[in-house]
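The chain contents come next:
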Amino acid sequence: MIREKLANLIFPEITKTLSDLEKEYPPRTLKAGAEVTRFAPSPTGFLHTGSLFTAMVAKTCAVQSEGVFFVRLEDTDTKREVEGAGESLLKEMKLFDVFPHEGYMGNKEEGKYGPYKQSERADIYKTVIKQMIKDDMAYPCFCTSHDLNALRATQEANKVVPGYYGAYATCSFLSAEEAIKRVENGDPYVLRFRSKGNHDRKITFNDVIKGQIEIAENDQHIVILKSDGLPTYHFAHVVDDHFMRTTLVTRGEEWISSVPLHLELFNTLKFNTPRYAHLPVINKLDNGNKRKLSKRKDKEAAVTYFLDLGYPVKAILTYLMSIANSNFEEWWTGNKRADLSAFDFNLSKMSVDGALFDLEKVNYFAREYIAALTAQEVVDEYIDYLKYIDDKELLTRITNDRERFTKIMNIERETLKPRKDYSHYALVYDSINFFYADEFQKLIDDQTIEPFKEELSKETVEKLLNDFATKLIYSEGNEAWFNSLKEVALSNGFAQNNKEFKANPEGYKGVVADVAEVLRISVVGSRKSPNLYEVLLILGRDEVLRRLSIIKSLIQ
Ligand code: GLU
């Protein structure tokens, strides 16, 4: 009775009971084997690439088992909260196709197991703690920060494990009467969990990814409710995962050391324990050393890095899948255009050691992805990208002549070996801007057009330019055009192929490739371009002639 008095004194406003909560948040009616998974970010900044990985894994497990994936915002650390971070996290999750089925959705919440923001669940936590106080599983602790500092100093001096436990858990020895007196007296307090654990004993648990893990029991009397009335992560996630009926917790492996505490909390409260799957950390090689992908040091740690450069979302997810499941890449090789959900994802195929983040591999998947699209699809995605980065000028330029731009994007696409030059859409415009007359003019005005080979005399170039204007055949296909180019080469003293040239190097000014280069530089402005014949067709005869005459006037 005396503990009931203490519980009522601390939480006079709480009238609900644990069984009310059980009724309010009943077990879900899902088919057998359906997983309820969640992603539980703290609103402290952008979506980290590692968090995207975690969210993707959680959602995949739910989708494949026809379960539910929800988001819970873990916003109890008000000091670290960044204004608007929750909303932007969800926006990024939407863009990356890991938007939840239920829960916190940024501008709204959906689902019967809410609220899904921890800061709005205070009464639920208090209801649970009120019962814990009655059952002597929790108690008020009046230690000041001064007391705790002194405790730490003593423990350091005695070289014992630091913390609030066993004989060091001073307030755990207060009687309920004493506690009542101090609460009535207005002494500030937090609420702590009364651990029954013994650090010298071990527990074992089965991690879905890492298998059996043996680890020391918890004996820490952790704070479960802070003086601001909000819970700590350890306690809150236990209550939430129970009342949100989570079946599978997928989270970073940095939480493994807290599992004994979490299991003790679940057991003390007689809640069913969800299964835990601790995901490997995503590392990066830094001067030969492995370290965690870091928010501060690595640009690719923020998913916005990829969005800003226009990496296709599916390519990023494909990459993350390849580090999630060792057999994924083999599947993907035969199913490049398939939906990723068609892959039979399996947590047991997850690598146990940390994965290494490899930007080159991301680029590889991205190039493969873009190369497999039709020109129309590329144009659609490029336009979406321009909208995303809000480049109105370029958007107008592309949409004003979408048909021609589609032709440009189709160069060397519908072939057995399509070009794999784009890993992200930010690369597109600079590689094809020469198609636009004003950009070509800019190259001329800025004198950034590439020079012709030094060995070629002015007269030779001039003669070639004249012949390009009059002797090339465009309308009969690539081969006929190339034959006409070879004719021009021969009549100007160039060998038609390398073999001829090598047999008699003195007898020629060069080879047909040198002639093609003069033409390419004259219409593109550079030695490099996609298939020249296709470029010429898209530019059209008039524009080709116009450019040839500009170049001719320049070499005069
Ligand atoms: N808020 C915790 C984090 O951001 C969630 C961990 C969990 O998924 O339980 O790391």
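Here's a quick rundown of the structure. (Residues numbered from 1 in each chain as written. Predicted model: local features only at pLDDT ≥ 70, side-chain atom pairs only at ≥ 80, totals over all residues. Heavy atoms only, no water.)

## Looking at the overall build of the protein
- On a plain count of helices and strands, the protein comes out with 24 helices and 16 strands.
- Against the 2.2 N^0.38 benchmark of 24 Å for 556 residues, the protein shows a C-alpha radius of gyration of 34 Å, more extended than a compact globule.
- With the principal axes as the frame, the protein shows a C-alpha extent of 110 × 50 × 40 Å.
- Going through the 556 residues of the protein one by one, you find that 51% of them count as buried.
- When the accessible surface of the protein is totalled, it reaches about 27,100 Å², and 50% of it is carbon and sulfur. (Helix = DSSP H or I, 4+ residues; strand = E, 2+ residues; numbered from the N terminus. Rg over C-alpha atoms; globule rule 2.2 N^0.38 Å. Buried < 20%, exposed > 50% of the residue type's maximum accessible area, 1.4 Å probe, protein only. Areas by Shrake-Rupley, 256 points an atom, 1.4 Å probe, with all protein chains shown as cover.)

## Looking at the site of the ligand
- Taken together, the neighbourhood of the ligand is formed by Arg-38, Ala-40, Ser-42, Glu-74, Tyr-233, Arg-251 and Trp-255.
- The backbone of Ala-40 places a nitrogen or oxygen atom 2.9 Å from a nitrogen atom of the ligand.
- For the ligand, a nitrogen atom lies 2.7 Å from a polar atom in the side chain of Glu-74. (Near = heavy atom within 4 Å. Polar contact = N/O pair within 3.5 Å; in protein donor to acceptor, adjacent residues only side chain to side chain.)

## Quick look at the sheet that holds strand 6 (residues 190–193)
- In space, the three strands of this open sheet follow the order 5-6-9, with antiparallel pairing throughout. Of all strands in the sheet, those bounded by a partner on one side alone are strand 5 (138–141) and strand 9 (223–225). Strand-to-strand twist in this sheet, taken as the mean axis angle between neighbours without regard to direction, amounts to 45°.
- Relative to strand 6, strand 5 runs antiparallel, the two sharing four bridges. Looking at the pairing, Tyr-139 lines up with Arg-192 of strand 6.
- Relative to strand 9, helix 5 (residues 122–134) is tilted by about 125°, and along the sheet it contacts strand 5, strand 6 and strand 9. (Pairing = 2+ DSSP bridges. Axes fitted to C-alpha atoms, helices over the stretch in contact; angles between N-to-C directions. Contact = heavy atoms within 4.5 Å.)

## Things to note about helix 5
- Taking 1.5 Å per residue, 13 residues should reach 18 Å; helix 5 reaches 18 Å between its end C-alpha atoms and fits that length.
- The element helix 5 is extensively covered by neighbouring structure, given that ten of its 13 residues are classed as buried.
- Every buried residue of helix 5 is listed here: Ala-122, Ile-124, Tyr-125, Lys-126, Thr-127, Val-128, Ile-129, Lys-130, Met-132 and Ile-133.
- For helix 5, the elements touching its buried residues are helix 1 (2–10), helix 2 (18–24), strand 5, strand 6, strand 9 and helix 8 (233–243).
- One or two positions beyond helix 5, positive phi appears at Asp-136, with a value near 60°. (Expected span 1.5 Å × (residues − 1).)

## Some points on the sheet that holds strand 13 (residues 289–292)
- Strand order in this open sheet of three strands is 13-12-14, and the pairing throughout is mixed. Among the strands making up the open sheet, the edge pair consists of strand 13 and strand 14 (355–356).
- The pairing of strand 12 (residues 282–286) with strand 13 spans four bridges and is antiparallel. For Asn-283, the partnering residue across the bridge sits in strand 13 and is Lys-292.

## Examining the packing of aromatic side chains
- For the coordinates displayed, the defined rule picks out 27 aromatic pairs.
- Centre to centre, the rings of Phe-328 and Trp-331 are 5.6 Å apart; their planes meet at 40°, and the pair counts as tilted. Residue Phe-328 and its partner Trp-331 are located together in helix 12 (residues 328–334), separated by three residues, close to a single helical turn.
- Trp-331 sits in the buried class, given a relative accessible area of 18%. (Phe/Tyr/Trp six-rings, centres within 6.5 Å; stacked < 30°, edge-to-face > 60°.)

## Description of the pairing of strand 8 (residues 211–216)
- Where strand 7 (residues 202–207) meets strand 8, six bridges bridge the pair, whose relative direction is antiparallel. Opposite Lys-202, over in strand 8, you have Ala-216 as the bridge partner.
- If you look at the hairpin formed by strand 7 and strand 8, you'll find three residues sitting between the two strands.

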